[in-house]
Amino acid sequence: MQAALRAFFMLLFSLLSLLGIAANGFIVLVLGREWLRYGRLLPLDMILLSLGAFRFYLQLVGMGHNFYHSAHVVQRSGVLTQQFFHLHWHFLNSVTFWFCSWLSVLFCVKIANITHPTFLWLKWRFPGWVPWLLLGSVLISFIIALLLFWVNYSAYQQFLIRTFSGNMTYEWNAMTEIYYFPFAQLVIWSIPCSVFLVSIMLLINSLRRHTWRMQHNSHSLQDPSTQAHTRALKFLISFLILYVLSFLSLIIDATKFISMQNDFYWPWQIAVYLSVSVHPFILIFNNLKLQSVFWQLLLLARGFWVA
């Protein structure tokens, strides 16, 4: 790839990441301020605050890693700085996957029109579980990230270097990265992904049936209730698409198929971080509280520049 084109994709990646950092930071500031003011948050706001905070940190880590290693190209994964990044990378991605799954479950139990007794029981109990589910997701993700870090670094450094020499050691470690870790990450991330898919598909199906009934019961497409359900469907479908794309891109990224020396590395990084950068804006514009503060800030900024 030509230097100019590479610089363009690096700039595009930087702009996308900065937008995502700004959006996630906005969510954290607005909801964090409300938490400090009232001393409590609704279950939905708890998830949004937690998701925004961890995504904010994830994008900072991602930007730091990409630009540091583009300046100091490191081939071997046994290098401590690379391993340290992987520890944060696995932990933060696992946490954000779980938080998105709990967000979809909360939407499902609050909105879906399902009369099964199990669902009604979950609808009553789930909001009270949210703080513990968030804490449990962080703890589980941290333990798994430490285990992956230990397998890929400690065992490699303490055992294999003493047993094998040079190339054999590096080849074993490269094979481990190519085959073992993508499979391990696929298994680990498939659990929250399955929870997400089940809840989001139940909710989409419920909204779709409700919208269909309204359209066939003398409700026009311009009816406010019909429009609200249509907007909700669009939001959920976009949420589903971004979640699936994020999951697939991270699994592919774990295979190291596209290395930093590859011409398509920076376009690929744009794809990997696309969901983390775009989804916060979807959350903002589909949340009345966040949307209201956002437009107020825009009006203040506009008045400042006009003045």
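Under the annotation held in an unreviewed UniProt entry, the protein carries the name Taste receptor type 2 and is attributed to Macaca fascicularis. One UniProt comment on the protein, placed under Function (unreviewed entry), says "Receptor that may play a role in the perception of bitterness and is gustducin-linked. May play a role in sensing the chemical composition of the gastrointestinal content. The activity of this receptor may stimulate alpha gustducin, mediate PLC-beta-2 activation and lead to the gating of TRPM5." Per UniProt, the protein carries the Subcellular location (unreviewed entry) text "Membrane".

The subject of this paragraph is the packing of helix H1 (residues 3–38) against helix H2 (residues 43–71). Orientation of H1 relative to H2, taken along the N-to-C sense of each, is 150 degrees, at an axis distance of 8 Å. When the axes of H1 and H2 are compared, the pair comes out roughly antiparallel. Between H1 and H2 lies a crossing whose hand is left-handed. Taken together, the residues that form the contact of H1 with H2 break down as 16 nonpolar, 9 polar and 3 charged.

With that settled, consider the packing of H1 against helix H7 (residues 265–285). Direction vectors running N to C along H1 and H7 enclose 25 degrees, while the axes themselves pass 8 Å from each other. Considering the angle they form, H1 stands roughly parallel to H7. You can see that H1 and H7 cross each other, and the crossing is left-handed. Here the contact of H1 with H7 is built from residues that sort into 18 nonpolar, 5 polar and 1 charged.

Let us look at the nonpolar core. Formed by 75 residues in total, the largest nonpolar core has its most connected members in Trp-102, Leu-103, Leu-236 and Leu-290. Those elements that provide at least two residues to this core are H1, H2, helix H3 (80–111), helix H4 (117–163), helix H5 (166–215), helix H6 (224–254), H7 and helix H8 (288–306).

Turning to the UniProt feature "transmembrane region" (unreviewed entry) in the protein, a few remarks are in order. Under the UniProt annotation, the feature "transmembrane region" (unreviewed entry) is placed at residues 6–32, 44–68, 88–109, 129–151, 178–204, 232–252 and 264–285. As annotated, residues 232–252 has a helix share of 100% and a strand share of 0%, and its two end C-alpha atoms lie 30 Å apart. Along residues 264–285 one finds 95% helix and 0% strand; the C-alpha atoms at either end are 32 Å apart.

Among the structural elements, Tyr-57 can be located in helix H2. Its relative accessible area of 38% is what places Tyr-57 among the partly exposed residues. As for Tyr-57 and Ile-21, which are separated by 36 residues in sequence, their C-alpha atoms are 8.3 Å apart. Every residue in contact with Tyr-57, bar those within four places of it in the chain, is listed here: His-88 and Leu-92.

Tallying each qualifying case throughout the model produces 24 aromatic pairs. When the ring of Phe-13 is compared with that of Phe-67, the centres are 6.1 Å apart and the planes differ by 50 degrees; the resulting orientation is tilted. Here the residue Phe-13 occupies a position in helix H1, and Phe-67 occupies one in helix H2, the gap between them amounting to 54 residues. Plain terms: the ring middles of Phe-54 and Phe-99 are 5.5 Å apart, the flat faces sit at 80 degrees to each other, and that makes the pair edge-to-face.

Assignment of secondary structure puts Asn-24 in helix H1. What makes Asn-24 buried here is its relative accessible area of 1%. In this view, Asn-24 contacts Gly-52, Arg-55, Phe-56, Gln-59, Val-276 and Pro-280; residues no more than four positions away in its chain are not counted.

The grouping of Leu-197, Val-244, Leu-248 and Ile-252 at the surface amounts to a nonpolar patch, some 290 Å² of accessible area in total. If you tally residues by element for the nonpolar patch, the top one is H6, at 3 residues. Mapped onto the elements, Leu-197 comes out in helix H5.

This part covers the pattern of salt bridges. A full pass over the atoms with the stated rule returns 2 salt bridges. Residue Lys-289 pairs with Glu-34 through a salt bridge whose shortest N-O separation is 3.0 Å. Remark: Glu-34 occurs in helix H1 and Lys-289 occurs in helix H8; sequence separation between them is 255 residues. Among the residues examined, Lys-289 registers a relative accessible area of 28% and is labelled partly exposed. Between Lys-289 and Asp-45 there is a salt bridge; the shortest N-O distance is 2.6 Å. Of the two residues, Lys-289 is situated in helix H8 and Asp-45 in helix H2; the sequence distance between them amounts to 244 residues. Beyond isolated ion pairs, a larger network of salt bridges with shared partners links Glu-34, Asp-45 and Lys-289.

Calculation notes
Residues numbered from 1 in each chain as written. Predicted model: local features only at pLDDT ≥ 70, side-chain atom pairs only at ≥ 80, totals over all residues. Heavy atoms only, no water. UniProt positions renumbered as here; feature names shortened; annotations may be inferred. Axes fitted to C-alpha atoms, helices over the stretch in contact; angles between N-to-C directions. Helix = DSSP H or I, 4+ residues; strand = E, 2+ residues; numbered from the N terminus. Parallel < 35°, antiparallel > 145°, perpendicular 65-115°, else oblique. Left-handed = near helix turned anticlockwise from the far one by under 90°. Nonpolar A, V, L, I, M, F, W, Y, C, P; charged D, E, K, R; others polar. Core = buried A, V, L, I, M, F, W, Y, C linked by side-chain atoms within 4.5 Å. Buried < 20%, exposed > 50% of the residue type's maximum accessible area, 1.4 Å probe, protein only. Contact = heavy atoms within 4.5 Å. Phe/Tyr/Trp six-rings, centres within 6.5 Å; stacked < 30°, edge-to-face > 60°. Patch = residues over 30% accessible without salt bridge, like charges linked within 9 Å, V, L, I, M, F, W, Y side chains within 5 Å. Areas by Shrake-Rupley, 256 points an atom, 1.4 Å probe, with all protein chains shown as cover. Salt bridge = Lys/Arg side-chain N within 4 Å of Asp/Glu carboxyl O.

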